[in-house]
Amino acid sequence: MPRRLVLLRHAKSSWSGDVPDHQRPLGGRGRREAPLAGRWLAEHVGDIDLVVCSSAERTRQTWARVGAELPTSPEFRLDDRLYEASVPDLMRVARELPETARTVLFIGHNPGLEDLVAELTLGCCTMLTSSIAVLSVLGHWADIAESQATLDALETPRG
């Protein structure tokens, strides 16, 4: 059975005020749309074994709203490497995932998430805020490499 790597770009953040990028919270639209992403994940992905989330405020707030919509509470990890992550950064995190985790959700940022889809599937996609990409990955997490996944779904829940 293939592993699934689910990528979620954080919900729409607020640009008001003089807040450093890492501390930007969700905006009104993001607070409304993050639960929609959670409902989509519950319906189309099902149980998630592990969530790895960027340490940015907007990703943590996205997870709080997404996680509230899931039928189970997966293991959760904050990982600073997902903030401003490049493909090599994201691949390092993926290669360290526990083999027992069959379905893993990364909550992060662009352009890293779009670039990771391109690296793993040799295709491209556009990930707007709250977009979800579901990838099937063959083999072990430790061996994940270019062109080792297929894009099974790409969705941007909007309300």
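Residues numbered from 1 in each chain as written. Predicted model: local features only at pLDDT ≥ 70, side-chain atom pairs only at ≥ 80, totals over all residues. Heavy atoms only, no water.

## Description of the sheet that holds strand 1 (residues 3–9)
As a reminder, the rule being used: Between any two strands, pairing holds if DSSP finds at least two bridges. Segments assigned H or I by DSSP are reported as helices when at least four residues long, segments assigned E as strands when at least two residues long, and all are numbered from the N terminus. Axis definition: a line fitted to C-alpha atoms, limited for helices to the stretch in contact. Angles are taken between N-to-C directions and run from 0 to 180 degrees. Contacts: residue pairs with any heavy atoms within 4.5 Å of one another.
Across the sheet, six strands lie side by side as 3-2-4-1-5-6; this open sheet has mixed pairing. The open sheet is flanked by strand 3 (75–78) and strand 6 (149–155), the only strands paired with a single partner. Adjacent strand axes in the sheet meet at a mean angle of 20° when their direction is disregarded. Bridge count between strand 2 (residues 50–53) and strand 3: four bridges; the pairing is parallel. Looking at strand 3, one finds that Val51 is bridged to Phe76. The strands touched by helix 2 (residues 57–67) are strand 1, strand 2, strand 3 and strand 4 (103–108); relative to strand 4, the strand with the most contacts, the crossing angle is about 135°. Running at roughly 155° to strand 1, helix 4 (residues 112–121) makes contact with strand 1, strand 4, strand 5 (132–137) and strand 6 of the sheet.

## Overview of helix 4
We count it as follows: For every residue, the accessible area obtained with a 1.4 Å probe (protein chains only) is divided by the maximum for its type, and the residue is called buried under 20%, exposed over 50%, and partly exposed between those limits. To obtain the arc, one takes the directions from the helix axis to the C-beta atoms.
Of the positions making up helix 4, those classed as buried are Gly112, Leu113, Leu116, Val117 and Leu120. Projected down its long axis, helix 4 shows its buried positions confined to an angular sector of 140°, all on one face. Considering only its buried residues, helix 4 is in contact with strand 1, helix 3 (87–95), strand 4, strand 5 and strand 6. Backbone geometry just downstream of helix 4 places Leu122 in the positive-phi region, at approximately 60°.

## A look at the pairing of strand 1
In terms of burial, strand 1 is a largely internal element, six of the seven residues being buried. Two elements, strand 1 and strand 5, share six bridges in a ladder whose sense is antiparallel. Along strand 5, the bridge assignment pairs Leu7 with Ala133.

## Comments concerning the packing of aromatic side chains
Heads up, the condition is: Classification of ring pairs uses Phe, Tyr and Trp, with its six-membered ring standing for Trp, and accepts pairs whose centres are within 6.5 Å; under 30 degrees between planes counts as stacked, over 60 as edge-to-face, and the remaining range as tilted.
For the structure shown, the criterion picks out one aromatic pair. Note on Trp63 and Phe76: the rings are 5.8 Å apart at their centroids and 10° apart in plane angle, and the pair reads as stacked. Pair noted here: Trp63 is in helix 2 and Phe76 is in strand 3, with a separation of 13 residues, a long-range link. Look at Phe76 and you get partly exposed, because its relative accessible area is 35%.

## With respect to the pattern of salt bridges
Just so we agree on the cut-off: Salt bridges are counted wherever a side-chain nitrogen of Lys or Arg sits within 4 Å of a carboxyl oxygen of Asp or Glu.
Taken as a whole, this structure holds eleven salt bridges when the rule is applied. Residue Arg60 is joined to Glu57 by a salt bridge in which the shortest nitrogen-to-oxygen separation is 2.6 Å. Of this pair, Arg60 and Glu57 both sit in helix 2, three residues apart, roughly one helical turn. Arg77 is the partner of Glu75 in a salt bridge, and the nearest nitrogen-oxygen pair spans 3.2 Å. In the salt-bridge network here, residues are joined through shared partners; they are Asp21, Arg24 and Arg58.

## Topic: the side chain of Ser131
Put simply, the rule is: The definition of a polar contact used here is a pair of N or O atoms within 3.5 Å, where within protein one atom must be able to donate a hydrogen and the other to accept one, and adjacent residues in sequence count solely through side-chain atom pairs.
With respect to the secondary-structure elements, Ser131 resides in the loop between helix 4 and strand 5. Ser131 gets classed as buried once you look at its relative accessible area, which sits at 0%. A distance of 2.9 Å separates a polar atom in the side chain of Ser131 from the backbone nitrogen of Leu128. Beyond its immediate stretch of four places on either side in the chain, Ser131 contacts Leu7, Leu8, Arg9, Thr126, Glu155 and Thr156.

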